[in-house]
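Commentary on secondary and tertiary structure
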Amino acid sequence: MKRIVGCVLTLLALTQVSEAQVSRYIVKFKDKGSNPFSLNNPSAFLSQRAISRRTKYSISIDSTDLPVTPRYIDSVRLSGTVSILCISKWLNGVAIQTSDAAALAKINALPFVKSVSGAALRTANSAIYNNKFELEKEQFAANPLRETGVLADYYDYGTSFAQVHIHKGEFLHNIGLRGQGMIIGMLDAGYNNYLTLKAFDSVRNNGQILGIYDFVARDSSVNEDYAHGMECFSTMAANLPGQFVGTAPKANFYLFRTEDASSEYPVEEFNWVCGAERVDSLGGDVISSSLGYTTFDAPLTSSSHTYADMNGNTTTAAIGADLAAKKGILVVNAAGNDGDKTWHYIGTPADADSVMTVGAVTTTGAVATFSSYGPSSDGQIKPDVASVGAGTIIQFPNGAIGGGNGTSFACPNLVGLTTCLWQGFPEYNNMHIINALRQAGTKASSPDDRVGYGIPDVKKALTSLLKEFSTATGAVSNCTATIQWTSKDVSSMKYEIERQLPGQNSFIKIAAKSGTGTVFATRAPYQYQDVLSGVNAGTITYRIKQIVDTSASGLTEIYIDTVTVNLQAACIDAGLTDVTIAPNPAKDILTVRVTTPTSSSNIVIRIYNSTGQLMASLNKSKTPGTAFFNDISLARFSKGKYYVEVYDDKKRLSAKELIKL
């Protein structure tokens, strides 16, 4: 996570420069008057995928979507020796470079210009880096390969298993959610050697890198720049089976360089917003940003932020981040690495209202001491959540794979799983997914200022969303109840249908079905017909249990919906006689269900042990149809095998074997 903690000697000399050496400026405009673009024709400035996102989530296209008025930009460029660096429609402004004082005066005098402010010195030397990323340069050897069984998982994660498993992330991958069809836009300081490192063979060969752009150098090459972005990228995209697998290895990516690793100036916040706009316009789904801003280099230290500015609504980056979220993008930002420093708070845009801010923990869940504190200055819970940022397995530019420290790595590690979760539930918008992750956190009931709602369990988040998504209906006709339900599943999942008939005080399993999905995101409709022979008139209740994880170690079951049907008349077949006992095996209470076409004043229930000794005898009465005798206590019975015989007066109706637990 970037924040200056010191500078190399070459850059220390910059503290002596004057305002006169500022050559990059941000020009903001008053309006978008005389704009040739129209909100009625968004395809002229937004991709179809960006438009579709707005349509899906009922997001209106508004004036912030309109490009900056071209003649305003032309007027600025033609004011003298001026270069246009970056254009932001959301901020309605441009970043420029000029040393022409007359041009600046002319720009200031333009009637549609709102303000001109210094943003940075002349273009920095890209070969010189200060140590704003110093913490994250720590490197150590990777741990031995994962020793637990990997055959049950889709991926063999090798040394990266712990940072996936802390969120139960392998569960998402196992049910087909690996990022397919999703687009992650990365904003960072460079992606050194991503074109040659083996960790990225898969994303390169499969065309998963959709585009790149360098907003600092204004070119289309980021391979030669700083390595920080590449290291973050690896936590999501790496695919080296048995050694290192990322959290969204099948996702698509845009790699944007918005950060100049050699300096810290306000222009970098402006670049951040320009990058976020590009992700939006291209139809991206998620932004992963391991950047943050607090203090700026001389001579623009007066533009540095205070803690009061960390209110989610003041800084350029926070305004841009919230606008990205407003456009439907799920924005995730690292909290910062200042937890053990004098300034120990989050930076910006981690303070933004609609950003999911990620703090750092170890693979055992302990808070990393360097992870920045919340809350935001207006009292928001920040960070929102936490992921592994201490000893995170990453790819280094020299080919080594090892551990690095920083919330910069916690952020993309969780971004990948967040993307996979959203892949499974495209019906829900960005904020809905963020809230599901918060509520699935280890501290959801008592969030704090270090890890917020805690470490999200993505399987728990998925089951919560699944319960919310799933629906069931029921109807009855001609003594047959038809139960229909819609859910999402894969073939390894199962459903159980449970029923409670009139007179019963508990549910009994009556049927089961296996899932049919190949990728979890597929909507799955099902139907079950229940023939109600011998059932009395009244209300019948059904509930659908979905067994989401059938593994012995991670068995997860949820009730996805409950429905009732009203049986108007008893379904009695002439001569029908039936006896069932439940549950079986039983522990404390046994229910005996008896169906006869006639009434009886002498139903006798007898229970014998395995040697034939009579252990209990009960006399009951019933009306025509089905009766439930729910009050048979087994508390005094020893564990073992018993036999239950049922008589109608002297006629034996049934004999059943019973196992007492």
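Residues numbered from 1 in each chain as written. Predicted model: local features only at pLDDT ≥ 70, side-chain atom pairs only at ≥ 80, totals over all residues. Heavy atoms only, no water.

Side note on the overall build of the protein chain
Rules: The helix and strand labels rest on DSSP assignments: H or I over at least four residues marks a helix, E over at least two residues marks a strand, and numbering proceeds from the N terminus. When a residue's accessible area, from a 1.4 Å probe over protein chains only, is under 20% of the maximum for its type it is buried; when over 50% it is exposed; and in between it is partly exposed. A contact between two residues is defined here by any heavy atoms of the two lying within 4.5 Å. Throughout, the Shrake-Rupley method with a 1.4 Å probe supplies accessible areas, and for residues the shown protein chains are the sole cover considered. Charge counting treats Lys and Arg as positive and Asp and Glu as negative, with His and both chain ends excluded. Lysine's charge is taken at NZ, arginine's at CZ, aspartate's at CG and glutamate's at CD.
Looking only at helices and strands, the protein chain features 13 helices and 30 strands. Viewed in the frame of its principal axes, the protein chain has a C-alpha envelope of about 115 × 55 × 45 Å. Out of the 661 residues belonging to the protein chain, those deemed buried represent 58%. Sequence-distant contacts in the protein chain: of pairs separated by 6 or more residues, those separated by 24 or more amount to 74%. Carbon and sulfur atoms make up 50% of the accessible area of the protein chain, which amounts to about 25200 Å² in all. Across the protein chain, the centroid of the 58 positively charged side chains sits 7 Å from that of the 57 negatively charged ones.

Here's the deal with the state of the cysteines
Inclusion rule: Any two cysteine sulfur atoms lying within 2.5 Å of each other are counted as a disulfide.
Taken as a whole, this structure holds two disulfides when the rule is applied. Disulfide partner of C479: C571, at an S-S distance of 2.0 Å. Linking C479 and C571, the disulfide has an S-S dihedral of approximately -95° and is accordingly described as left-handed. Residue C479 is found in the loop between strand 17 (471-477) and strand 18 (480-488), and its partner C571 is found in the loop between strand 23 (556-567) and strand 24 (578-582); the two are separated by 92 residues along the sequence.

Concerning the packing of aromatic side chains
Using the following cut-off: Two rings from Phe, Tyr or Trp (for Trp, the six-membered ring) form a pair when their centres are within 6.5 Å of each other. A pair whose planes differ by under 30 degrees is stacked, one over 60 is edge-to-face, and the rest are tilted.
In this structure the tally under the stated criterion is 21 aromatic pairs. Measuring from ring centre to ring centre gives 5.4 Å for F29 and Y72, while their planes differ by 50°; the resulting arrangement is tilted. Here the residue F29 occupies a position in strand 1 (residues 22-29), and Y72 occupies one in helix 3 (residues 70-77), the gap between them amounting to 43 residues. Judged by relative accessible area, which is 3%, Y72 ranks as buried.

A few points about the nonpolar core
How we decide: Take the buried residues of types Ala, Val, Leu, Ile, Met, Phe, Trp, Tyr and Cys, join any two whose side-chain atoms come within 4.5 Å, and each joined set is a nonpolar core.
Within the largest apolar cluster, 88 residues are counted, with the highest numbers of intra-cluster contacts made by F425, L462 and W485. Counting residues per element, this core draws most heavily on helix 11 (residues 407-424), which supplies nine residues. If we skip the residues at most four places from it in the chain, L462 touches F171, L172, I175, L177, L421, F425, F520 and V548. Counting 56 residues, the second largest nonpolar core, distinct from the first, contains L85, A120, L187 and C274.

Let's talk about the pattern of salt bridges
Test applied: Any Lys or Arg side-chain nitrogen located within 4 Å of an Asp or Glu carboxyl oxygen qualifies as a salt bridge.
Applying the stated rule across the entire model yields 29 salt bridges. Among the ionic pairs, K443 bridges to D448, the shortest N-O distance being 3.8 Å. For K443, a relative accessible area of 25% translates into the label partly exposed. Residue classification places D448 among the partly exposed positions, given a relative accessible area of 28%. In this structure, the salt-bridge partner of K509 is E496, at a minimum N-O distance of 3.4 Å. Highlighted residues: K509 in strand 20 (residues 508-514) and E496 in strand 19 (residues 494-500), separated in sequence by 13 residues. Exposure remark for E496: the relative accessible area of 15% places this residue in the buried category.

A word on the packing of helix 12 (residues 430-439) against helix 13 (residues 458-469)
For clarity, the threshold we go by: Convention adopted: a line fitted to C-alpha atoms gives each axis, helices being fitted over their contacting stretch, and angles between N-to-C directions are expressed from 0 to 180 degrees. Any angle from 65 to 115 degrees is called roughly perpendicular, while one under 35 is roughly parallel, one over 145 is roughly antiparallel, and all others are oblique. In this scheme the handedness of a crossing depends on how the near helix is turned from the far one: anticlockwise by less than a right angle means left-handed, clockwise means right-handed. In the scheme used here, Gly and all other residues not listed as nonpolar or charged are polar, with Ala, Val, Leu, Ile, Met, Phe, Trp, Tyr, Cys and Pro taken as nonpolar and Asp, Glu, Lys and Arg as charged.
The geometry of helix 12 relative to helix 13 is characterised by a closest axis approach of 8 Å and an angle of 125° between their N-to-C directions. For the element pair helix 12 / helix 13, the angle class is oblique. For the pair helix 12 and helix 13, the crossing hand works out as right-handed. Contact with helix 12, carried on its side by H432, I433, A436, L437 and Q439, involves V458, K460, A461, L465 and E468 of helix 13 and no other residues of that element. Grouping the constituent residues of the contact of helix 12 with helix 13 by class yields six nonpolar, two polar and two charged.

What to know about the sheet that holds strand 13 (residues 356-361)
Operational definition: Pairs of strands are assigned from DSSP output, requiring at least two bridges between the strands.
Overall, parallel pairing links the seven strands, which are arranged 7-10-6-11-12-13-14 in an open sheet. At either margin of the open sheet sits one strand with a lone partner, and together these are strand 7 (209-214) and strand 14 (385-388). Neighbour-to-neighbour, the strand axes of the sheet open up by a mean angle of 25°, direction not taken into account. Here five bridges tie strand 7 to strand 10 (residues 252-257), and the two strands are oriented parallel to one another.

Details of helix 8 (residues 228-237)
With 10 of 10 residues buried, helix 8 lies mostly within the body of the structure. Of the residues making up helix 8, those classed as buried are H228, G229, M230, E231, C232, F233, S234, T235, M236 and A237.

Notes on the sheet that holds strand 21 (residues 523-531)
Spatially, the three strands line up as an open sheet ordered 17-18-21, and their pairing is antiparallel. The outermost strands of the open sheet, each flanked by one partner alone, are strand 17 and strand 21. Across this sheet, the average inter-strand angle for adjacent strands is 15°, counted without regard to direction. As defined by bridge partners, strand 18 adjoins strand 21 across nine bridges and the pair is classed as antiparallel. If you follow I483 over to strand 21, its bridge partner there is Y528.

Some thoughts on the packing of helix 8 against helix 11
Remark: helix 8 packs on helix 11, axes separated minimally by 7 Å, with the N-to-C direction vectors making an angle of 35°. Along this stretch, helix 8 crosses helix 11, giving a crossing that reads as right-handed. Contact residues: H228, E231, C232, T235 and M236 in helix 8; S408, F409, P412, N413, V415 and G416 in helix 11. For the contact of helix 8 with helix 11, a count of residues per class yields five nonpolar, five polar and one charged.

Observations regarding unusual backbone geometry
Here the bond from T348 into P349 is cis, since omega is 15°, no more than 30 degrees from zero. In this model, N584 is joined to P585 through a cis peptide bond whose omega is 10°. Relative to the helices and strands, P585 resides in the loop between strand 24 and strand 25 (589-596). A positive phi angle is found at S58, which is not glycine, with a value near 55°. Within the secondary structure, S58 is located in the loop between helix 2 (48-56) and helix 3. Judged by its relative accessible area of 69%, S58 falls in the exposed class. Of note in this structure, N478 is not a glycine but carries a positive phi near 50°. Topologically, N478 is positioned in the loop between strand 17 and strand 18.

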